[in-house]
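# Results of the structural survey
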Amino acid sequence: MDIARWRHRISRLRQERGLLEQSCENPGRLLPASFIYRYRRAGEKAFKSIKGQEGEKEGRKVYGYITYLKEGVTRHKYIRKKEMEKVSVLCARYQKWWKRLARIREINEEILRI
């Protein structure tokens, strides 16, 4: 690669990094956890995870949980139905913020490789 291409590539990466840094500066309220839906049929003792909220059908009851790490141990916490939407938004916001930070790290590594 010649110097002009390197400069152009670094310039584009710095622009992308700048936009990501601005979006990460004030992310709002975050909840550092993952939101999952779990269900249990009547009579079953174990819960099963599902993707998306399928609702109550065939005797299933859907419950919302967050999973988080506390002192090196993964914990699960039940979320009440009236709080599910609010908590899922906070968890999704945290995941987006974390992905932006990861992209910033990738950009920094790529600039160093050039």
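Since the structure is predicted, the reported quantities are computational estimates derived from the model, not experimental observations.

Taken as a whole, this structure holds six aromatic pairs when the rule is applied. Their ring planes at 70° and their centres at 5.8 Å tell us that Tyr65 and Tyr78 sit as a pair that is edge-to-face. Of the two residues, Tyr65 sits in strand 3 (residues 60-70) while Tyr78 sits in strand 4 (residues 73-79), which places them 13 residues apart along the sequence. Of the residues examined, Tyr65 reaches a relative accessible area of 12% and is grouped as buried. When its relative accessible area of 41% is taken as the criterion, Tyr78 is described as partly exposed. For the ring pair Tyr94 and Trp98, a centre distance of 6.3 Å and an interplane angle of 20° mean the geometry is stacked.

Okay, the pattern of salt bridges next. It is possible for side chains of opposite charge to pair when their charged atoms get near one another. Following the criterion strictly, the structure yields four salt bridges and no others. Of the charged contacts, one joins Arg103 and Glu16 as a salt bridge, the two residues approaching to 2.9 Å between their closest N and O atoms. Taken as a pair, Arg103 in helix 2 (residues 81-113) and Glu16 in helix 1 (residues 3-25) lie far apart in primary sequence, 87 residues in all. Exposure remark for Arg103: the relative accessible area of 24% places this residue in the partly exposed category. Sharing partners across several salt bridges, the network here consists of Glu16, Arg103 and Glu106.

Attention now moves to unusual backbone geometry. A positive phi angle, close to 55°, is found at Glu71, a residue other than glycine. Within the secondary structure layout, Glu71 lies in the loop between strand 3 and strand 4. Assessed through its relative accessible area of 75%, Glu71 is described here as exposed.

Definitions and cut-offs
Residues numbered from 1 in each chain as written. Predicted model: local features only at pLDDT ≥ 70, side-chain atom pairs only at ≥ 80, totals over all residues. Heavy atoms only, no water. Phe/Tyr/Trp six-rings, centres within 6.5 Å; stacked < 30°, edge-to-face > 60°. Helix = DSSP H or I, 4+ residues; strand = E, 2+ residues; numbered from the N terminus. Buried < 20%, exposed > 50% of the residue type's maximum accessible area, 1.4 Å probe, protein only. Salt bridge = Lys/Arg side-chain N within 4 Å of Asp/Glu carboxyl O.

That's the geometry; what it means functionally is another story.
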